[in-house]
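For reference, the chains in residue letters:
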Amino acid sequence: MPSTISMRSGLRNTTLRVLPVALAASLAAPALAAPGPAEIKIFGDWAVACDNGQTCEMTALAYGDDISGAGSDDFDSLADISVKRPGGPDGGVEVWIGFNGFVADNGVPDKSGLYTLTVNGHRIASGHYGESGVTYKGAEAMRIAQALSGGRMLVLTDATGKAVARNSLSGSSAGMRYVDAEQARVSSVTALVAKGSKPASAVPAATALPVLSIVGGVGTPAVPTAAEIEKMRKTSGCEADGD
């Protein structure tokens, strides 16, 4: 959940920044554990993390991270790949794949960006590359994720059949097994890897995320002076824009 752990995601940590001009507001919320980043687990050439609501995301590592096999055979292009899944019995799989080789220098997607994904030489998906990559959901995403877990190498080819990106799948199976464990799916029919006969109803519901209630401020906010504004601009390094 996106290093170039794109985790597009990062780890779903939300930072609430309150910058009052006049501190007349107060926060009212139940006592909660101190927030902190989720632990990132590395499995081979993949990184995995789960948030406090059991949403987990697994992302392919890029060069400069702890990567082992994707650069083999002097092939140095990687696709961005992430596998995301919410917790709970109905948590569906989402697979996202991105590769800037299908985007022109001006940032416009190549309309002829037909691609094919293969794992160990077997085609698992194909289609046209979009502006924000390609996202798979539902049963197709589950099928692709399971193909990744059982493979050694994923190859992305263009419309001519030329390989434009190659990713190591080392550790992908272990990463999905970790997700299964974190979401209590082990031995159930909903598991990615650690499948069993337990029904989906055996998977517990995802933990509800904590909610912070913010009480609105009262009173009249202070108006900074011109000198204070100038000082803030100098401190921030922002140029004056006349506003």
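Residues numbered from 1 in each chain as written. Predicted model: local features only at pLDDT ≥ 70, side-chain atom pairs only at ≥ 80, totals over all residues. Heavy atoms only, no water.

**Student:** Explain the side chain of Ser188 to me, please; I cannot follow it from the model alone.
**Tutor:** Its location among the elements puts Ser188 in the loop between helix 2 (172-182) and strand 12 (213-215). Owing to a relative accessible area of 2%, Ser188 belongs among the buried residues under this scheme. Reaching out from Ser188, the side chain makes a polar contact with the side chain of Thr190 at a distance of 2.9 Å. When sequence neighbours within four positions are dropped, the list of residues in contact with Ser188 reads Ala194, Lys195, Gly196, Lys198, Pro199 and Val203. (Helix = DSSP H or I, 4+ residues; strand = E, 2+ residues; numbered from the N terminus. Buried < 20%, exposed > 50% of the residue type's maximum accessible area, 1.4 Å probe, protein only. Polar contact = N/O pair within 3.5 Å; in protein donor to acceptor, adjacent residues only side chain to side chain. Contact = heavy atoms within 4.5 Å.)

**Student:** Please clarify how helix 1 (residues 138-149) should be interpreted in this entry.
**Tutor:** Because each turn of an α-helix spans 3.6 residues, side chains separated by three or four positions in sequence point in the same direction. End to end, helix 1 covers 17 Å across twelve residues, agreeing with the expected 16 Å (1.5 Å per residue, within 8%). Every buried residue belonging to helix 1 is among Ala141, Met142, Ile144, Ala145, Leu148 and Ser149, and all of these are buried. Burial along helix 1 is one-sided: seen end-on, the buried residues are contained in an arc of 165 degrees. (Expected span 1.5 Å × (residues − 1). Arc of directions from axis to C-beta.)

**Student:** Just checking my understanding: could you explain the environment of Ser187 for this structure?
**Tutor:** By secondary structure assignment, the location of Ser187 is in the loop between helix 2 and strand 12. When the C-alpha positions of Ser187 and Pro199 are compared, they lie 9.0 Å apart, and in sequence the two are twelve residues distant. When residues no more than four places from it in sequence are discounted, the contact partners of Ser187 are Ala194, Lys195, Gly196, Ser197 and Lys198.

**Student:** Hey, could you run me through the pairing of strand 3 (residues 46-50) in this one?
**Tutor:** For a regular strand, side chains alternate in direction, first toward one face of the sheet and then toward the other. Taking burial as the measure, the five residues of strand 3 include five buried ones, the bulk of the element. Of the two faces of strand 3, the one holding Trp46, Val48 and Cys50 and the one holding Ala47 and Ala49 are both buried throughout. One ladder, built from three bridges, connects strand 2 (residues 41-43) with strand 3; its direction is antiparallel. Bridge assignment links Phe43 to a residue of strand 3, and that residue is Trp46. Here strand 2 folds back onto strand 3, and the loop between the two strands holds two residues, one of which, Gly44, carries a positive phi near 60 degrees. Where strand 3 lies against strand 4 (residues 56-60), five bridges are found, and the strand directions are antiparallel. Considered in strand 4, the bridge of Trp46 is made with Ala60. (Pairing = 2+ DSSP bridges.)

**Student:** Looking at this structure, I do not really get the pattern of salt bridges. What am I missing?
**Tutor:** Where charged atoms from two side chains of opposite charge approach closely, those side chains can pair. For the structure shown, the criterion picks out two salt bridges. Taking the shortest distance from any N to any O, the salt bridge between Glu39 and Lys41 comes out at 3.3 Å. Between Arg143 and Glu140 there is a salt bridge, with its nearest N and O atoms 3.6 Å apart. In this pair, Arg143 and Glu140 both sit in helix 1, three residues apart, roughly one turn of the helix. On the basis of relative accessibility, which here comes to 38%, the residue Glu140 falls in the partly exposed class. (Salt bridge = Lys/Arg side-chain N within 4 Å of Asp/Glu carboxyl O.)

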